[in-house]
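# Commentary on secondary and tertiary structure
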2 protein chains.
Amino acid sequence: MSKASAPGKVILFGEHAVVYGQPALAVPVTQVQAEVRIDKIFSPGIRINAPNIQLNDKLDSLAASHPLAATVRNTLATLEAGSLSGVAILVRSTIPVASGLGSGAAVSVAIIRALAKHLRKDLTDEQVSQLAFETEKLYHGTPSGIDNTVVTYARPVYFVKGQPIEILRVKKPFTIVIGDTGIPASTKESVRDVRIQRHKNPERYETLFAAIGSITRTAGQLIENGMPESFGPLMDENHALLRNMGVSSPELDNLVEAARKAGALGAKMSGGGRGGNMIALVQPGKAGAVARSLKEAGAVNTIINKVV
Amino acid sequence: MSKASAPGKVILFGEHAVVYGQPALAVPVTQVQAEVRIDKIFSPGIRINAPNIQLNDKLDSLAASHPLAATVRNTLATLEAGSLSGVAILVRSTIPVASGLGSGAAVSVAIIRALAKHLRKDLTDEQVSQLAFETEKLYHGTPSGIDNTVVTYARPVYFVKGQPIEILRVKKPFTIVIGDTGIPASTKESVRDVRIQRHKNPERYETLFAAIGSITRTAGQLIENGMPESFGPLMDENHALLRNMGVSSPELDNLVEAARKAGALGAKMSGGGRGGNMIALVQPGKAGAVARSLKEAGAVNTIINKVV
C-alpha cells in the first residue's frame, strides 16, 4: 500500500490580475487534504475509486479528458510504467470542490506522488507540479499555474506567470479564516468575463490590475519582513478593487463584512469570485469569533488555518 | 489695499516616508484660508498685525528668526523693495495651527502674494513656493517642501523630495472629512523620533517606508484614473503602518475608528502624528454623519472638504 496526500490552497492576493502578468500570493490550507491510497488487487487493470464524486470504475473505461484518468495516464507515461496493472487507486478529499481551494490540483498531486511511491520512482517537485498542471488545463482551460505550484510545494508562494516559483518566507506566522459561501464558482467563466470587460475598457482594467499587483508586492514584503499584522487593510483594498472589477457577489460581500465586524484585521473574496470562498486575516485569539460570525452570516463552512 | 489668500493643506498619503525619498500625496483644504491685507498707513515703516497670535508690532522690532518678519523681509529682498514703508500688513487665518494643516505655509504664501500685488510686481508660482519654503525652515528645521508646494499651487500634489512638482489630476472629485484631536503636534519632534527608531532598526523601517511609498503610488494612480471610491482601504493600511512606526496616538486611533464606524471608506492620521488631525475618505452623502461622529468621539473641530 502506498499513500500520499496534498493540502488545499487559498489565494491571499492577486487573483485575476495574475492572469495579466501581475503577482499573486497563495498559501497552502493544511486543514483540508486530498488523500490517495494505492492497493494491489487481484483483478487486472487499474481501478479508480473516488467516493466524493461517486466514481468507481476501470481506468480503461474513462475518457481521455477525465481529469483523474488523465492524471494517472500522464503520470504513468512519465514514469515509464504504462503496463501497470492490478492496482486500485482510492481518492478521498476533504477539500471543498469548485470553491477556489485547489481541490483539483490537490487530488492530482496526491495521485502523482502515490503512483511514484508505489512504483518506487522519484519525481522532482518540478515534475509533480508540471504533471498536475497538465490536468489543471482540463479543469480551467488556461490555468495560472498557482494551484499546482502551492499544492506541490505546500508552502506559501509568490507567483508570477511564466517566472520561476518564489517560495515566500513567512518570518512570523499568521492566522487566516476561510468562509465558504456555498455557491459554486467557475473560475473559468469569471476569468472570461474579466477578459471581455478588459477588452471594452482596457485603461480602467489595466489600472485595477496594476493596483492589485502593487498591493500584492507590498503584502509580500510585509510578510517576508515579519509584519503580517499590518497587511489586513491591503486585503480590504484588494477586495474593493475586485468589487470594482465586477467579480464579487452579494454573498461574498456579506461574509467579508461579517468578518470585519467580528474583528478581522482585513478580509476579501478569494479566487475567481461570484461565489466560492472569502478569507480573513485575524489575530489568533479572534479566529473562533470570526469563524462563528461567518457561520451566522451564512457561511456553509469555515476553516481556521495558520500560515507558517 | 491689496489682498491675497491661501488654503490649508492636508496629507492624504506618505507622511514620514516622504522624508526618506518616498512619494507623498497632499491636497489643498480650501474650507480654511489664510488671508492677508496690505493697507497704506501714515506712520513710517511696516506694521504687522496678526490677531491670531496676538502680534501687532513694527517689522523692525521683530527678530530675524520670526517667521512672519522673515517672510516679509525675504519677499521684499526678492522684489527689490527693501525701502517699502508706510504699510500695515494684516494677517488672519482660519487654519488651525500646529495641527498639520499647513497654516504656516499658507500665511507665508498669502503674505508673499499680497506684497507682490501691493508692489505691482509678478512672482512665479515657483518663486512664491521657494520663498515660503525659506520660512518653513524656520518652523520645521528640515521641511519636506510639501506644505509650501500644495499651498502655493492650491492643487493636489504628488510630491517626491528633490524632484519636480507633479500636480495630481483628479479625474473624479472626492470628499474628505478632517477631524482635529485638539492636541498640538510637533512635526519636528515626530520626524526626529522616527529618525532615531530607524537608526535602531533600519530594516524594519525601510520596509515600512517602502510599503507606504507603494500605497501612495497606488492611490495616486486610482485618483488619476477616476477611481477615488476605491482607495479607502489604502488609507487604513497607511494608518496601520504609521501605527506600526509608533507615530499615532490613542486619540488619533480613536477618531480613525469613529470615522470607520460611521461609514467612512477609509481613515488615517495625517501629518506628523501624536496629535493634530486625521482624515477620512467618505461618500459625499455620508460626510455630515462622519463629521458628527468625529465630534462625538472628541474631535475639537471638523472640516468637510471636496477635492477636485
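In the block above lies the structure referred to throughout.
Described below are features of the structure shown in this document. (Residues numbered from 1 in each chain as written. Chains lettered and ligands numbered in written order. Predicted model: local features only at pLDDT ≥ 70, side-chain atom pairs only at ≥ 80, totals over all residues. Heavy atoms only, no water.)

It is worth spelling out the interface of chain B and chain A at this point. Each partner contributes to the interface: chain B provides 24 residues, whereas chain A provides 24 residues. Across the chain B/chain A interface, buried area totals approximately 1700 Å², and carbon plus sulfur atoms make up 56% of it. When the buried surface of chain B facing chain A is broken down by residue, Thr207(B), Met227(B) and Glu237(B) rank first, second and third, together holding 27% of it. Inspection of the chain B/chain A interface yields zero salt bridges. Linking chain B with chain A are nine residue pairs in polar contact (both at pLDDT 80 or more), by the criterion used here. Contributions of two or more residues to the side of chain B that touches chain A are made by helix 6 (202-224) and helix 7 (232-244) of chain B. A breakdown of the residues in the side of chain B that touches chain A according to their chemical character gives 10 nonpolar, eight polar and six charged. (Contact = heavy atoms within 4.5 Å. Buried area = accessible area lost by both parts, 1.4 Å probe. Salt bridge = Lys/Arg side-chain N within 4 Å of Asp/Glu carboxyl O. Polar contact = N/O pair within 3.5 Å; in protein donor to acceptor, adjacent residues only side chain to side chain. Helix = DSSP H or I, 4+ residues; strand = E, 2+ residues; numbered from the N terminus. Nonpolar A, V, L, I, M, F, W, Y, C, P; charged D, E, K, R; others polar.)

By rolling a water-sized probe across the atoms, one finds the places where empty space is left. Residues and elements named next belong to chain A. The space that makes up the largest pocket amounts to roughly 1500 Å³. No other element matches the seven residues that helix 7 (residues 232-244) contributes to the lining of the largest pocket. For the lining of the largest pocket, the per-class residue count stands at 10 nonpolar, 13 polar and 15 charged. (1 Å grid on protein atoms, 1.4 Å probe; cavity = no way out; pocket = protein on both sides within 12 Å on 5 of 7 lines; lining within 4 Å. Points joined across faces, edges and corners; volume = space filled by probe spheres on them.)

Our focus in this paragraph is the nonpolar core. Ranked by internal contacts, the top residues of the largest apolar core, which has 206 residues, are Leu12(A), Phe231(A), Leu12(B) and Phe231(B). Beyond its immediate stretch of four places on either side in the chain, Leu12(A) contacts Leu25(A), Ala26(A), Val27(A), Phe174(A), Ile176(A), Ile223(A), Phe231(A), Lys268(A) and Ile279(A). (Core = buried A, V, L, I, M, F, W, Y, C linked by side-chain atoms within 4.5 Å. Buried < 20%, exposed > 50% of the residue type's maximum accessible area, 1.4 Å probe, protein only.)

Moving on, we get to the pairing of strand 2 (residues 24-40) of chain B. Residues and elements named next belong to chain B. Sheet analysis places strand 1 (residues 2-13) next to strand 2, joined by 11 bridges and oriented antiparallel. Residue pairing in the sheet places lysine 9 in a bridge with proline 28 of strand 2. By the bridge criterion, three bridges tie strand 2 to strand 6 (residues 157-159) in an arrangement that is antiparallel. Pairing of alanine 26 across the sheet is with valine 157, part of strand 6. Two elements, strand 2 and strand 5 (residues 87-93), share seven bridges in a ladder whose sense is antiparallel. Note that in strand 5 the partner of arginine 37 across the bridge is leucine 90. (Pairing = 2+ DSSP bridges.)

A few words now on empty space enclosed by the protein. Residues and elements named next belong to chain B. Enumeration over the complete set of coordinates arrives at one cavity of 30 Å³ or more. Of the voids in this model, the largest cavity is the one considered here, and its volume is about 40 Å³. Surrounding the largest cavity, Ser99, Gly100, Ala185, Thr187, Ser270, Gly271, Gly272, Gly273, Gly275, Gly276 and Asn277 form its lining. For the lining of the largest cavity, the residue count by class is one nonpolar, 10 polar and no charged.

Residues and elements named next belong to chain B. Here four strands make up an open sheet; going across it, the order is 9-10-8-11 and the pairing antiparallel. A single partner strand is all that each edge strand has here, and the edge strands are strand 9 (266-269) and strand 11 (301-307). For this sheet the average axis-to-axis angle between neighbouring strands, irrespective of direction, equals 20 degrees. Two strands pair when backbone bridges link them, and strand 8 (residues 174-180) and strand 10 (residues 277-282) are joined in this way by six bridges, in the antiparallel orientation. The residue bridging isoleucine 178 from the neighbouring strand is isoleucine 279, located in strand 10. Most of the contacts of helix 7 go to strand 9, to which it runs at about 30 degrees, and overall it touches strand 9 and strand 10. (Axes fitted to C-alpha atoms, helices over the stretch in contact; angles between N-to-C directions.)

Each copy superposes on the other: chain B lies on chain A with an RMSD of 0.0 Å after a rotation of 180 degrees and an axial shift of 0.0 Å. Such a combination of rotation and displacement between the chain copies is what one expects of a two-fold axis. The C-alpha atom lying nearest the rotation axis in chain B is that of Pro233(B); the distance is 2.7 Å. A high fraction, 100%, of the interface residues of chain B reappear at the interface in chain A, so the copies pair face to face through one surface. (Least-squares fit on C-alpha atoms with pLDDT ≥ 70 in both.)

Opposite charge on two side chains permits them to pair, given that their charged atoms come into close proximity. Taken as a whole and assessed by the stated rule, the structure comprises 26 salt bridges over all chains. Across the salt bridge formed by Arg37(B) and Asp39(B), the nearest N and O atoms sit 2.9 Å from each other. Here the salt bridges share partners, and the residues they tie into one network are Arg192(A), Asp193(A) and Arg274(A).

In short, geometric facts, not functional conclusions.
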